[in-house]
Amino acid sequence: MATLSGAYRKTPLHPRHIIPIDFQSLKHVPESHSWPSSDHGGLVMRSQLLENSDDGASLPVIDLGDPDALILVGRACEEWGMFQVTNHGISSSLLRDVESETRRFFSLPAKEKMKALRSPGDVSGYGVARITPFFEKFMWHEGFTILGSPVEHTRELWPHGYQRFCEVMEVYQKRMKELAERLLVVILKSVGIREECMGWSRFPAARHDGPTPCTALQLNSYPPCPDPARAVGLAAHTDSFLLTVLHQASSIHGLQVLKEGTGWVRVVPVDGALVVNVGDMLHIMSNGRFRNVRHRVVVNQTGHRMSIAYFYGPPIDYQISPVVQDGSSCPGRFRPVTVQEYIEMKAKNLEGAISRISET
Ligand SMILES: O=C(O)CCC(=O)C(=O)O
Ligand SMILES: [Fe+2]
């Protein structure tokens, strides 16, 4: 049976592109992590960074209980490909728990974290960002990827204390799945796409024989950096799946979003809000109407920033194609592709994946 791990396994990584550097021992940014200022993974001079776009608009913060939520969400997906959401139903205690377990993991000495290292053909476990092989320099980042249960890896770290971590991550993934599906319904409805297009989510969660959406939880850590101007937290990229729901686990700013016609805009953390962004697959399904937004992360000298990203996509065999809206004669801009094919293409080509399925 096809699986998400199987799709990634087709592009195994070199250990050099898995093992993070020991950030705690560094007093300077080493050559391997020092980005030329002209390139900087899409980073620009600090003076060019904006909190608001040119027209004064900052990234929308949408209350899901707002009677106009449908319109606001649709507009945000078209104009930004990203928004922050409040009144989302995820309890603040769960957000605190997931944050503290994430901190517990990344605060371990480098030698300990290595016990949870991802193996070359695998996605789950501790390691650098998956996009690393596409860049000459390394990012100021370490991550822990969870596909399903993290028991195997965390048992190595805490033989008698892994249960708490695993329970929190399991509950969090359940709540995130519900939220992602709720958001997706709102997003699709906002452009008149019928809910039935999300055929896989009509199966009650309790039914184990129904198709399973592809999901993953990515814990991100950006340790304090001695020279932030030379380093890159996460280079500019788009996310692959339909939606990402991101918890900026601290008030430390770092995430930036590319607004067309304006430039890079900071995503200022709003207490209790979650960041939602459109990924490649929703861009394809909406026939390019929703932006698969480019985003990146900058680092800072004093604070240790962490974030928790939940990726939600259709089942592995699902065929993604532009969904023709009622009455629309717009030709499809993308050829149909299964989730598995797209993930394999993205693992090999990164940004090139979308153009490989473009009809124009
Ligand atoms: O750390 C962040 O704010 C963003 C993380 C991100 O873009 C990702 O995990 O894909
Ligand atoms: Fe991302």
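Predicted model, so just to flag it, every value in this text is computed and none were measured.

Chemist: Could you give an account of the overall build of the protein chain, with specific residues and numbers?
Modeler: Broken down by element type, the protein chain carries 9 helices and 14 strands. The C-alpha atoms of the protein chain give a radius of gyration of 20 Å, which matches the 21 Å a tight globule of 360 residues would have. In terms of overall dimensions, the protein chain has C-alpha extents of about 60 × 50 × 40 Å along its principal axes. Taking all 360 residues of the protein chain together, the buried fraction comes to 53%. A separation of at least 24 residues holds for 77% of the contacts in the protein chain among residues at least 6 apart in sequence. Placing the 38 positive and 38 negative side-chain charges of the protein chain at their respective mean positions leaves the two points 4 Å apart.

Chemist: How would you sum up unusual backbone geometry? Please name residues and give values.
Modeler: Its identity is not glycine, yet Asn287 carries a phi of approximately 55°, on the positive side. Looking at the secondary structure, you find Asn287 in the loop between helix 7 (280–285) and strand 11 (295–297). Phi angles above zero are rare outside glycine, and Leu350 is one such case at about 45°. By secondary structure assignment, the location of Leu350 is in the loop between helix 8 (339–349) and helix 9 (352–357).

Chemist: Tell me about the packing of aromatic side chains, and name the residues and values.
Modeler: Inspection of the entire model under this criterion finds 7 aromatic pairs. Both rings, one in Phe105 and one in Phe144, keep their centres 4.7 Å apart while their planes meet at 40°; by these two values the pair is tilted. Here Phe144 lies in strand 4 (residues 142–146) and Phe105 lies in helix 3 (residues 92–106), a separation of 39 residues in the sequence. On the basis of relative accessible area, Phe144 is assigned to the buried category, the value being 0%.

Chemist: Outline the pairing of strand 7 (residues 243–248), listing residues and values.
Modeler: Of all 6 residues in strand 7, 6 are buried, a share of seventy percent or more. Both faces of strand 7 are covered, namely the face carrying Leu243, Val245 and His247 and the face carrying Thr244, Leu246 and Gln248.

Chemist: So what about the site of ligand 1? Which residues, and what values?
Modeler: As a structural note, the neighbourhood of ligand 1 is formed by 14 residues, with Asn220, Tyr222, His295, Arg305 and Ser307 the closest of them. Contact between ligand 1 and Tyr222: an oxygen atom at 2.7 Å from a side-chain N or O atom of the residue. The side chain of Arg305 places a nitrogen or oxygen atom 2.8 Å from an oxygen atom of ligand 1. For ligand 1, whose accessible area on its own is 290 Å², the fraction buried by protein is 94%. Looking at the shell around ligand 1, the elements that each hand over two or more residues are strand 5 (214–222), strand 6 (234–237), strand 11 and strand 12 (305–313). Per element, the largest residue contribution to the shell around ligand 1 is 4 residues, and it comes from strand 12.

Chemist: Could you give an account of the side chain of His33, naming the residues involved and the relevant values?
Modeler: Along the chain, the position of His33 falls in the loop between helix 1 (4–9) and strand 1 (61–63). What makes His33 buried here is its relative accessible area of 5%. Excluding anything up to four places from it in sequence, His33 contacts Ile21, Phe23, Phe138, Met139, Trp140, Arg230 and Ala231.

Chemist: How would you explain the nonpolar core if you had to name every residue and give the values?
Modeler: Taken as a class, soluble globular proteins show a tendency for nonpolar side chains to be buried jointly. Residues Phe83, Phe105, Phe144, Tyr172, Leu219, Leu274 and Leu282 are the most contacted members of the largest nonpolar core, which totals 105 residues. Sorting elements by how many residues they give to this core places helix 6 (residues 162–190) first, with 15 residues.

Chemist: A description of the sheet that holds strand 9 (residues 263–266) should follow, citing residues and the corresponding values.
Modeler: Strand order in the open sheet formed by 4 strands is 6-11-8-9, with antiparallel pairing between adjacent strands. One side of each edge strand has no neighbouring strand; the edge strands of this open sheet are strand 6 and strand 9. Pairs of neighbouring strands in the sheet enclose a mean axial angle of 25°, with direction left out of account.

Chemist: How would you sum up the sheet that holds strand 2 (residues 82–86)? Please name residues and give values.
Modeler: Here we have 8 strands laid out as an open sheet, ordered 1-2-10-7-12-5-4-3, and mixed in their pairing. Two strands close off the open sheet at either side, each with one partner strand: strand 1 and strand 3 (125–127). Adjacent strand axes in the sheet meet at a mean angle of 25°, parallel and antiparallel pairs treated alike. Pairing of strand 7 with strand 10 (residues 274–278) involves 4 bridges; the strand directions are antiparallel. Bridged to Val245 within strand 10 is Val276. The strands touched by helix 3 are strand 3, strand 4, strand 5, strand 7, strand 10 and strand 12; relative to strand 12, the strand with the most contacts, the crossing angle is about 115°.

Chemist: Describe the UniProt feature "domain: Fe2OG dioxygenase" (unreviewed entry) in the protein chain, naming the residues involved and giving the relevant values.
Modeler: UniProt records the feature "domain: Fe2OG dioxygenase" (unreviewed entry) for residues 212–314 in the present numbering. Taken end to end, residues 212–314 is 6% helix and 44% strand, and its two terminal C-alpha atoms sit 8 Å from one another.

Chemist: So what about helix 3? Which residues, and what values?
Modeler: Note on helix geometry: an α-helix contains 3.6 residues per turn, so any two residues three or four positions apart are oriented the same way. Taking 1.5 Å of rise per residue, 15 residues should cover 21 Å, and helix 3 covers 21 Å from first to last C-alpha, within 8% of that figure. For helix 3, every residue scored as buried is listed here: Leu94, Leu95, Val98, Glu101, Thr102, Phe105 and Phe106. Mapping the buried residues of helix 3 onto a view down its axis gives an arc of 135°, with all of them on the same face.

Chemist: Tell me about the environment of Val278, residues and numbers included.
Modeler: In this fold, Val278 is placed in strand 10. Overall, the relative accessible area of 1% leaves Val278 in the buried class. When the C-alpha positions of Val278 and Gly199 are compared, they lie 19 Å apart, and in sequence the two are 79 residues distant. The contact partners of Val278, leaving out residues within four places of it in the chain, are Cys77, Gly81, Leu242, His283, Phe290, Arg291, Asn292 and Val293.

What counts, and where the lines are drawn
- Counting restarts for each chain, with residues numbered from 1 along the sequence as it is written.
- Chain letters and ligand numbers both follow the written order, the letters beginning at A and the numbers at 1.
- In view of the model being predicted, local features appear only for residues whose pLDDT reaches at least 70, and side-chain atom pairs are presented and counted only at 80 or more, with totals across whole chains, interfaces and linings using the full set of residues.
- Excluded from the side-chain calculations are hydrogens and water; all other atoms, namely the structure's heavy atoms, are used.
- Put simply, DSSP marks the helices as runs of H or I at least four residues long and the strands as runs of E at least two long, and each gets a number from the N terminus on.
- Atoms counted for the radius of gyration: C-alpha only. Globule rule: 2.2 Å times the number of residues to the power 0.38.
- Think of it in three bands: with a 1.4 Å probe and only protein chains considered, a residue is buried below 20% of the maximum accessible area for its type, exposed above 50%, and partly exposed in between.
- By definition in these notes, contact holds between two residues if any of their heavy atoms fall within 4.5 Å.
- In this count, Lys and Arg are taken as positive residues and Asp and Glu as negative ones, while His and the chain termini are left out.
- Taken as the charge centre is NZ of Lys, CZ of Arg, CG of Asp or CD of Glu, depending on the residue.
- Any pair of Phe, Tyr and Trp rings, taking the six-membered ring for Trp, is counted once the centres come within 6.5 Å. Such a pair is stacked with planes under 30 degrees apart, edge-to-face with planes over 60 apart, and tilted for the rest.
- Residues are classed as near a molecule or strand on a simple rule: at least one heavy atom within 4 Å of it.
- Whenever a nitrogen or oxygen atom comes within 3.5 Å of another N or O atom, the pair is scored as a polar contact, on the condition that within protein one atom can donate a hydrogen and the other can accept it, and that pairs from neighbouring residues in sequence are kept only if both atoms are in side chains.
- Only the protein chains shown count as cover for residues, and the accessible areas themselves come from Shrake-Rupley with a 1.4 Å probe.
- Buried residues of nine kinds, namely Ala, Val, Leu, Ile, Met, Phe, Trp, Tyr and Cys, make up a nonpolar core once their side-chain atoms join them within 4.5 Å.
- Between any two strands, pairing holds if DSSP finds at least two bridges.
- All axes here are fitted lines through C-alpha atoms, helices being fitted over the stretch that makes contact, and every angle between N-to-C directions spans 0 to 180 degrees.
- UniProt positions are given in the numbering used here, feature names are shortened, and annotations may be inferred rather than shown by experiment.
- Under the convention used throughout, the expected extent of a helix is 1.5 Å for every residue step, that is, one less than its residue count.
- Taken from the helix axis, the directions to the C-beta atoms give the arc we talk about.

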